[in-house]
Amino acid sequence: MDVPILKQGDVLIASIQAALSDQDLIALRDSLASRIGRFRSRGVIIDLMALDVLDSFATRMIRDIAYTARLRGAITVVVGIQPEVAFAMVQLGLSLEGIATALDLEEGLAHLSGRERKRAARS
Amino acid sequence: MVDLNEQTPAQLLMRDMGLTERDIARRRHIVGLEERDLTRIASLNELMASHVDEYTTAFFDYLTGLDEGRLALQNTAIAHRARQLKRGHLLAMVQTDYDVDYVAQRLELAMLYSRAGLELRVFLAAFHRLLKVIGDGIMSRFEANPSEGFETFMSLKKVAFFDIGVIVDAIVFERERVIRQQQDAIRELSTPVLQIRERLLLLPIVGVIDTHRARMITESLLRSIRASRAKVVVMDITGVATIDSRVANHLIQTVTAARLMGASVIVTGLSAEVAQSLVALGIDLTKLNTIGDLQGGLEEAERLLGQRLVTVEERGRSSASVEA
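Computed from a predicted model, the values in this text were never measured in an experiment. (Residues numbered from 1 in each chain as written. Chains lettered and ligands numbered in written order. Predicted model: local features only at pLDDT ≥ 70, side-chain atom pairs only at ≥ 80, totals over all residues. Heavy atoms only, no water.)

Undergrad: What's the story with the overall build of chain A in this structure? I'm lost.
TA: Helices and strands together make up the secondary structure of chain A, namely four helices and five strands. Of the regular secondary structure in chain A, the N- to C-terminal order runs β-β-α-β-α-β-α-β-α. Counting only residues that meet the buried cut, chain A has 46% of its 123 residues in that class. Partitioning the intrachain contacts of chain A with sequence separation of at least 6 by distance along the chain shows that 72% fall at a separation of at least 24. Taken as a whole, chain A presents about 6300 Å² of accessible surface, with 51% of it coming from carbon and sulfur. (Helix = DSSP H or I, 4+ residues; strand = E, 2+ residues; numbered from the N terminus. Buried < 20%, exposed > 50% of the residue type's maximum accessible area, 1.4 Å probe, protein only. Contact = heavy atoms within 4.5 Å. Areas by Shrake-Rupley, 256 points an atom, 1.4 Å probe, with all protein chains shown as cover.)

Undergrad: What should I look at first to understand the sheet that holds strand 1 (residues 194-197) of chain B in this one?
TA: Strands belonging to one sheet form pairs held by backbone hydrogen bonds; the direction of such a pair is parallel or antiparallel. Residues and elements named next belong to chain B. The sheet built from five strands is open, its strands ordered 1-2-3-4-5 with mixed pairing. Each edge of the open sheet is held by one strand with a lone partner, namely strand 1 and strand 5 (289-291). Sheet twist, expressed as the mean angle between neighbouring strand axes with direction ignored, is 30 degrees. Pairing analysis gives three bridges linking strand 1 to strand 2 (residues 200-206), with the strands arranged antiparallel. Across the sheet, Gln195 pairs through a bridge with Leu201, a residue of strand 2. (Pairing = 2+ DSSP bridges. Axes fitted to C-alpha atoms, helices over the stretch in contact; angles between N-to-C directions.)

Undergrad: How should helix 10 (residues 211-228) of chain B be read in this particular structure?
TA: With 18 residues, helix 10 of chain B should reach 26 Å at 1.5 Å per residue; the first-to-last C-alpha distance of 26 Å fits that figure. Directly after helix 10 of chain B, the chain includes Arg229(B), whose backbone phi takes a positive value near 50 degrees. (Expected span 1.5 Å × (residues − 1).)

Undergrad: Looking at this structure, how should I read the confidence of the model for chain B?
TA: In low-pLDDT regions, the fine details of the predicted coordinates are not to be read closely. All names here are of chain B. Summary statistics for chain B give a mean pLDDT of 87 and a share of 96% for residues scoring 70 or more. Averaged pLDDT values for the elements of chain B fall to 75 in helix 14 (residues 312-323) and rise to 93 in strand 4 (residues 264-268). In the predicted assembly, ipTM is 0.82 and pTM is 0.59. (pLDDT = per-residue confidence, 0-100.)

Undergrad: Where do I start with a nonpolar patch on the surface in this structure?
TA: There is a patch of nonpolar side chains on the surface, built from Met139(B), Phe150(B) and Met154(B) and spanning about 250 Å² of accessible area. We classify Phe150(B) as partly exposed; its relative accessible area is 45%. (Patch = residues over 30% accessible without salt bridge, like charges linked within 9 Å, V, L, I, M, F, W, Y side chains within 5 Å. Salt bridge = Lys/Arg side-chain N within 4 Å of Asp/Glu carboxyl O.)

Undergrad: I'm lost on the interface of chain A and chain B in this one. Help?
TA: Note: interface size is frequently given as the accessible area lost on complex formation between the parts. If you look at the interface, chain A gives 22 residues, while chain B gives 18 residues. Summing both partners gives a buried area of about 1700 Å² for chain A against chain B, and 57% of it is carried by carbon and sulfur. By the criterion of area lost to chain B, the three top residues of chain A are Phe87(A), Val90(A) and Leu103(A), representing 37% of everything that side buries. Where chain A touches chain B, the interface holds five salt bridges. Asp104(A) is the salt-bridge partner of Arg229(B), the closest N and O atoms lying 2.4 Å from each other. (Buried area = accessible area lost by both parts, 1.4 Å probe.)

Undergrad: Is there a simple way to explain the pattern of salt bridges in this structure?
TA: Pairs may arise between side chains of opposite charge once their charged atoms sit close together. Applying the stated criterion across every chain, the model contains 26 salt bridges over all chains. In this structure, Glu107(A) engages Lys231(B) in a salt bridge whose closest nitrogen and oxygen atoms are separated by 4.0 Å. Here Glu107(A) is found in helix 4 (residues 105-122), whereas its partner Lys231(B) is found in the loop between helix 10 and strand 3 (232-239) on a different chain. When its relative accessible area of 36% is taken as the criterion, Lys231(B) is described as partly exposed.

Undergrad: In this structure, what is going on with the packing of helix 10 of chain B against helix 11 (residues 245-260) of chain B? I would like to understand it.
TA: Packed helices, taken two at a time, are described by their axes: the angle between them and the distance between them. Residue and element names in this part refer to chain B. Helix 11 packs onto helix 10 with a crossing angle of 15 degrees between their chain directions and a minimal axis gap of 10 Å. Accordingly, the angle class assigned to the pair helix 10 and helix 11 is roughly parallel. The two elements helix 10 and helix 11 meet at a crossing, and its hand is right-handed. Contact residues: helix 10 offers Thr211, Ala214, Thr218, Leu221, Leu222 and Ile225, while helix 11 offers Arg246, His250, Thr254, Ala257 and Ala258. Here the contact of helix 10 with helix 11 is composed, by residue class, of six nonpolar, four polar and one charged. (Parallel < 35°, antiparallel > 145°, perpendicular 65-115°, else oblique. Left-handed = near helix turned anticlockwise from the far one by under 90°. Nonpolar A, V, L, I, M, F, W, Y, C, P; charged D, E, K, R; others polar.)

Undergrad: Any chance you could explain the packing of helix 4 (residues 45-65) of chain B against helix 6 (residues 76-93) of chain B here in plain terms?
TA: All names here are of chain B. Relative to each other, helix 4 and helix 6 sit at 135 degrees, their axes nearing to 9 Å. The pairing of helix 4 with helix 6 is recorded here as oblique in orientation. Both helix 4 and helix 6 take part in a crossing whose hand is right-handed. For the pair helix 4 and helix 6, the contacting residues are Met48, Ala49, Val52, Asp53, Tyr55, Thr56, Thr57, Phe59 and Phe60 in the first and Ala82, Arg83, Lys86, Arg87, Leu90 and Leu91 in the second.

Now the structure itself:
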């Protein structure tokens with residue numbers, strides 16, 4: 001299943017709607033990496049609202065996406081992790097170390113625009 | 001596949017108590033039931049069939065003769081059902097099939113007793129009375145051979161003690177069930193998640209944290225974060241007297257899980273002793289954002305939320321200076 005990637009201004013939004021196979025995740029990583037360059041995006045939001053399980057491979061892929069995006073100049077925010085998913089991840093010892101998280105899409109966008117404002121204020 | 005809804009309460013209780021085929025076999029072994037006993041007991045079939053009503057009556061007469069027993073059997077529906085089950089029990093006692101079904105029947109009666117509030121000591125006294133009456137019956141039957149009669153009675157007594165073992169365990173288990181439920185209630189009451197500001201939650205933890213409770217704390221916190229769209233959580237552990245490495249790990253897990261949902265957690269109220277013991281244990285708490293006391297934690301939370309508490313006076317002054 002292909003994950004739709006929406007472009008909203010400077011931000012790319014990947015909304016995962018169903019459990020993904022490993023191939024799908026790799027495809028998502030690759031297409032996000034190329035689009036960040038093409039659209040000169042400054043932020044990436046990965047929405048996991050619809051997922052009720054997140055395994056270790058998926059966690060690693062999300063981390064890879066975030067690190068790749070950072071090297072390409074974009075900040076990644078993971079949003080919409082369900083309480084059960086968060087609890088299961090912690091039990092498995094999985095955490096998204098060093099990656100921004102937010103409650104939902106709205107919060108994620110607010111986080112990114114807040115960062116933009118700070119950057120603008122500095123320059 | 002067995003549908004859960006089709007199981008009787010007695011079968012459910014049996015499952016909760018962990019009474020399996022193997023456990024029941026073990027119980028038979030413990031009271032010393034052997035082939036010999038079964039043969040002797042089988043010879044009582046006829047006696048029991050002809051006297052079962054007499055024995056049942058003897059048991060209940062003794063019970064109702066005591067104030068405690070009369071009180072428990074006041075409810076005629078319960079008394080009637082108990083009588084019915086007891087009669088079935090006496091007949092089953094000499095059938096020599098002491099298997100899962102037999103135990104399930106004992107449990108049904110035990111649940112009835114426990115519902116009626118029949119005290120164990122009263123029940124045991126009545127049971128003893130019952131054995132006495134049955135013993136009399138056996139001895140009169142074996143008048144010619146008293147020693148064989150005594151052996152037969154002792155064989156039946158093994159079954160009686162097998163039954164008592166099951167019933168006592170069941171009544172105690174039922175009583176402890178109430179205690180377990182109360183413990184759950186206390187646990188739940190003792191971990192409230194309070195919203196004290198828009199998007200700011202307070203999680204005061206008081207008492208001992210074990211694995212079960214840590215899990216409940218985490219679950220209720222995560223649910224509250226979702227429900228109230230919290231951005232910052234202040235976790236106050238002033239009321240936690242001691243922290244060992246296990247508890248510390250639970251706290252770190254809770255904090256990590258909250259972060260995955262986009263909320264940052266501030267831990268407050270680590271006492272000097274707790275802090276020292278954590279350092280001595282060598283637990284890495286760099287993942288935790290800790291602040292000395294609750295007040296400091298709330299101020300830090302406000303800072304994270306981009307709020308600042310000002311007095312009315314201060315506000316008046318600042319707005320006046322803007323106007324000027």
